Amino acid sequence: MAAPETSCFPLLFYRAVRDLKPRSYNPSEALLYAIVHDHQPYARYLLSHHAEEALSRPGERFFCCSSCRSCASSSSSPHLAMTVRYDRRYILGLILREARRCSVQDHHHRVQDHHHHHRGGGGGCCPHDAAEGGGKTPLHLACELARPEAVALLLGHGASPRVQDHRGRTPLDLLLARFREPGGGGGAERRRCLDNLLMFMSSAAEGHDFQMRDALDREPGFWSEALGDVTFQYLVGRTPAALVLAAMRTVLRQLSPAGFPDSLEELPIPSSLKPLSPPSSSSSSSGQHRERSFMSHKSADIITACAL
């Protein structure tokens, strides 16, 4: 179930269109418009001709109150969060590539250390409406909304899986919380998010330092079924990372963010192991089935890629 829509920007855009106000938008505001309406050619034009201006923060009229304006003076651009919230994968890829290619000085803060500057809860939202606490990065949002492609794109371009929101929650914490939702759909997407997140963690310590660890210890039966026993045993620190997971981490560490995701697609490994590959139509939402499928590939293919 998607998080409730609390962003200021879409409402303002729709009002502007509805009222036909005779006003113009700067490139940053125009990019937000392109994201909301999934106008891919317009987003591509803005990022190819006005990248720095398009990725800067919007004007003050796009903040709902004086407190938002004050926070925004040190805030990163909300564009990444907006692409994740609206699941605009193509535009997200464009933004990440253009931000790295051009000389946008705060790109590092937008992607990896975004949490030090972004004050709005849920990404691009008024912090005063964020009852659960602010400080969520685009990666937090991608995990919370179960967007596996966004998770892979953000991590591949340098986002840190260890980043914490203002309540000390990592993206892994928010993702695991989704598994506890009663009757919630999208189990296969949550599992893909988890696979992608674990593949980009560079060490065992990153996979064991999270708030939900105690919850996993208290209900081993539920979590072993939901996540698959091998993944569960790894997350609670009882076993090391599986060979396939360890090999994929080695492979992904060799890929430069500048060439991602093209370098990922060129790897000579099964496409089902690549974080951006769509699941097969026969895939199951069961954690045990997904895990067996993930672990059943021949490790020789991955070991060969590690030696490249």
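Definitions and cut-offs
- Residues numbered from 1 in each chain as written.
- Predicted model: local features only at pLDDT ≥ 70, side-chain atom pairs only at ≥ 80, totals over all residues.
- Heavy atoms only, no water.
- Helix = DSSP H or I, 4+ residues; strand = E, 2+ residues; numbered from the N terminus.
- Buried < 20%, exposed > 50% of the residue type's maximum accessible area, 1.4 Å probe, protein only.
- Areas by Shrake-Rupley, 256 points an atom, 1.4 Å probe, with all protein chains shown as cover.
- Salt bridge = Lys/Arg side-chain N within 4 Å of Asp/Glu carboxyl O.
- Phe/Tyr/Trp six-rings, centres within 6.5 Å; stacked < 30°, edge-to-face > 60°.
- Lys NZ or Arg CZ within 6 Å of the ring centre and 35° of its normal.
- 1 Å grid on protein atoms, 1.4 Å probe; cavity = no way out; pocket = protein on both sides within 12 Å on 5 of 7 lines; lining within 4 Å.
- Points joined across faces, edges and corners; volume = space filled by probe spheres on them.
- Arc of directions from axis to C-beta.
- Contact = heavy atoms within 4.5 Å.
- pLDDT = per-residue confidence, 0-100.
- Axes fitted to C-alpha atoms, helices over the stretch in contact; angles between N-to-C directions.
- Parallel < 35°, antiparallel > 145°, perpendicular 65-115°, else oblique.
- Left-handed = near helix turned anticlockwise from the far one by under 90°.
- Nonpolar A, V, L, I, M, F, W, Y, C, P; charged D, E, K, R; others polar.
- Polar contact = N/O pair within 3.5 Å; in protein donor to acceptor, adjacent residues only side chain to side chain.
- Disulfide = S-S within 2.5 Å.

Here's the deal with the overall build of the chain
In terms of helices and strands, the chain carries 20 helices and zero strands. Every one of the 308 residues in the chain was classed for burial, and the buried ones make up 52%. Surface accessibility of the chain: about 13800 Å² in total, with carbon and sulfur atoms responsible for 51%.

Remarks on the pattern of salt bridges
In this structure the tally under the stated criterion is eleven salt bridges. With its nearest N and O atoms 3.5 Å apart, the salt bridge here joins R192 to E189. Within this pair, R192 and its partner E189 are both found in helix α12 (residues 187–199), separated by three residues, close to a single helical turn. When its relative accessible area of 26% is taken as the criterion, E189 is described as partly exposed. Linked through salt bridges whose partners overlap, the residues forming this network are D87, R89, R147, E149, E189 and R192.

A closer look at the packing of aromatic side chains
Applying the stated criterion to the full structure yields three aromatic pairs. Taken together, a centroid distance of 6.2 Å and an interplanar angle of 75° make the contact between F200 and F260 edge-to-face. A residue pair is termed long-range when its members are at least 10 positions apart, and F200 in the loop between α12 and α13 (204–208) and F260 in the loop between α17 (243–253) and α18 (262–265) qualify at 60 residues. Here F260 falls in the buried class, since its relative accessible area comes to 3%. Ring plane angle 85° and centroid distance 5.0 Å describe the contact between F222 and W223, whose orientation is recorded as edge-to-face. A cation over an aromatic ring shows up here: R180 above the ring of F222, its NZ or CZ 4.1 Å from the ring centre. For the cation-ring pair, R190 lies above F179, with the distance from its terminal atom to the ring centre recorded as 5.3 Å.

What to know about the layout of surface pockets
Of the volumes computed, that of the second largest pocket is approximately 370 Å³. Residue lining of the second largest pocket: 20 residues in total, with L155, A159, F200, L252 and R253 positioned closest to the centre. For the lining of the second largest pocket, the elements supplying multiple residues, two or more each, are α10 (148–156) and α17. At three residues, α17 tops the list of elements feeding residues into the lining of the second largest pocket.

Some words on helix α15 (residues 220–227)
All of the buried residues along α15 are W223, S224, A226 and L227. Looking one or two places after α15, you find G228, whose phi comes out positive at around 95°.

Some remarks on helix α3 (residues 40–49)
Within the sequence span of α3, burial applies to A43, L46 and L47. Here the buried residues of α3 occupy an arc of 90° about the axis, which is enough to place them on one side. Among the structural elements, α2 (27–36), α4 (51–54) and α7 (89–101) are those in contact with the buried residues of α3.

Re the confidence of the model for the chain
Considering every residue of the chain, the mean pLDDT works out to 74; 62% of them sit at 70 or more. Under a pLDDT of 50 for its full length, residues 1–6 has, in the predicted model, eleven contacts with residues more than four places off or in other chains. Confidence drops under pLDDT 50 across residues 281–308; counting only partners more than four residues distant or on other chains, this segment forms 53 contacts.

A look at the packing of α2 against α3
α3 packs onto α2 with a crossing angle of 155° between their chain directions and a minimal axis gap of 9 Å. As summarised for this structure, α2 and α3 are arranged roughly antiparallel, according to the angle between their axes. Remark: the crossing between α2 and α3 carries left-handed chirality. Side by side, α2 and α3 meet where P27, A30, L31, Y33 and A34 of the first sit next to Y42, A43, L46 and L47 of the second. For the contact of α2 with α3, the per-class residue count stands at nine nonpolar, no polar and no charged.

Observations regarding the environment of Q254
On the secondary structure map, Q254 appears in the loop between α17 and α18. Put simply, Q254 and L264 are ten residues apart on the chain and 9.9 Å apart in space, counted from C-alpha to C-alpha. A distance of 3.0 Å separates a polar side-chain atom of Q254 from the backbone oxygen of T250.

Observations regarding the state of the cysteines
Within this structure, the stated rule accounts for zero disulfides. Here C143 stays free of any disulfide, with the sulfur of C193 as its closest cysteine sulfur at 5.7 Å.

Examining the side chain of H79
Within the element layout of this structure, H79 appears in helix α6 (residues 79–85). For H79, a relative accessible area of 1% corresponds to the buried category. Here the side chain of H79 touches S28 through a polar contact of 3.1 Å, landing on its backbone oxygen. Of note is the side chain of H79, whose polar atom sits 3.2 Å from the backbone oxygen of A54. Residues within four places of H79 in sequence aside, it is in contact with S28, L31, L32, I35, A54, L55, S56 and I95.

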